[in-house]
Amino acid sequence: MLYYSHRGSVRALAEQIVRGIHQVPGVAARVRTVPKVSALCEAVEADIPADGPPYVEACDLEACVGLALGSPTRFGNMAAPMKYFLDGLASEWVNGTLAGKPACVFSSSASQHGGQESTLLSMMLPLLHHGMVLVGLPYTEAALNRTRSGGTPYGVTHVAGTDGIALLSEEEIVLAQAQGRRLATVARKLAVAQ
Ligand SMILES: Cc1cc2nc3c(=O)[nH]c(=O)nc-3n(C[C@H](O)[C@H](O)[C@H](O)COP(=O)(O)O)c2cc1C
């Protein structure tokens, strides 16, 4: 589980996806985040974040059997800290560190039609370059048809509103857990097959 969250909405989704992952026997989530970046100069962050999960390290990507990648929607795209982190993965790309492993993506935005789906699709592109196997959310999850808030077949989402409320709707919780279970189930099967 790797996510960036500034105000807590993506973090709320991440926590539910982790619950779903832990519903699959034998699979444990390792939760990591990325530091902020500054437009003025390279930000210097403490080695350990003041709150939330630790910063991701190369060994986390090597050790994982699957990856749930989360970012807020920023102008219809992923947030710069996540993109900055992904842009630094040249050696993982060359070495095929993530190749053949399953991945899913998730996001949160202020408005319902404010670019969640374009954000999710943009997050999939670098993962495909790494050879990851993308896992979506099927419509067999009834909450996907029911939801009046977040949730897309490309990955779970949260609609935070202009106040950035991190409280998830019932459907968002159901779909986040379903996404975690699905990723963990596929990861376990692929890991056994290799
Ligand atoms: C610079 C910036 C750009 C944003 N762009 C969008 C956007 O394109 N569409 C949208 O609906 N919300 C947008 N938002 C709102 C965030 O996506 C929303 O608050 C999200 O829930 C934040 O997630 P977090 O609480 O995990 O940080 C933007 C916020 C910021 C700060």
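Summarised in this report is the structure supplied together with it. (Residues numbered from 1 in each chain as written. Predicted model: local features only at pLDDT ≥ 70, side-chain atom pairs only at ≥ 80, totals over all residues. Heavy atoms only, no water.)

Before going further, it helps to spend a moment on the nonpolar core. By size, the foremost hydrophobic cluster in this structure holds 24 residues, and its most contacted members are Met-1, Ile-17, Ala-68, Phe-106 and Val-156. Of all elements in the fold, only α1 (9-21), β5 (102-109), α6 (143-146) and α7 (170-193) reach the threshold of two or more residues within this core. With residues near it in sequence (within four places) discarded, Ile-17 still touches Met-1, Ala-68, Phe-106, Val-156, Ala-176, Gln-179 and Gly-180. Counting 22 residues, the second-largest nonpolar core is a separate cluster that includes Leu-67, Val-105, Met-123 and Met-124. (Core = buried A, V, L, I, M, F, W, Y, C linked by side-chain atoms within 4.5 Å. Buried < 20%, exposed > 50% of the residue type's maximum accessible area, 1.4 Å probe, protein only. Helix = DSSP H or I, 4+ residues; strand = E, 2+ residues; numbered from the N terminus. Contact = heavy atoms within 4.5 Å.)

Moving on, we get to the side chain of Ser-9. Mapped onto the secondary structure, Ser-9 falls in helix α1. You can call Ser-9 buried: its relative accessible area is 8%. At 3.5 Å, the side chain of Ser-9 and the backbone oxygen of Ile-165 are in polar contact. When sequence neighbours within four positions are dropped, the list of residues in contact with Ser-9 reads Ser-108, His-158, Ala-160, Gly-164, Ile-165, Ala-166 and Leu-168. (Polar contact = N/O pair within 3.5 Å; in protein donor to acceptor, adjacent residues only side chain to side chain.)

Taken together, 17 residues are adjacent to the ligand, and Ser-5, His-6, Thr-73, Ser-108 and Gly-114 come closest. Between His-6 and the ligand, the recorded distance is 2.7 Å, taken from a backbone N or O atom to an oxygen atom. Burial of the ligand by the protein chains amounts to 78% of its free accessible area of 650 Å². Looking at the shell around the ligand, the elements that each hand over two or more residues are α1, β3 (67-74) and β5. Counting residues per element, the shell around the ligand draws most heavily on β3, which supplies 3 residues. (Near = heavy atom within 4 Å. Areas by Shrake-Rupley, 256 points an atom, 1.4 Å probe, with all protein chains shown as cover.)

Attention shifts here to the pairing of β3. Most of β3 is tucked away, with 7 of its 8 residues classed as buried. Summarising the sheet, strand β1 (residues 2-3) and β3 pair through 2 bridges and their orientation is parallel. In the sheet register, Leu-2 faces β3, and the bridge partner there is Leu-69. Of the strand pairs in this sheet, β3 and β5 are connected by 6 bridges, and their pairing is parallel. Paired with Leu-69 across the two strands is Val-105, which belongs to β5. Bridge count between β3 and strand β4 (residues 77-78): 2 bridges; the pairing is antiparallel. Residue Arg-74 lies in a different strand from β4, and its bridge partner there is Asn-77. (Pairing = 2+ DSSP bridges.)

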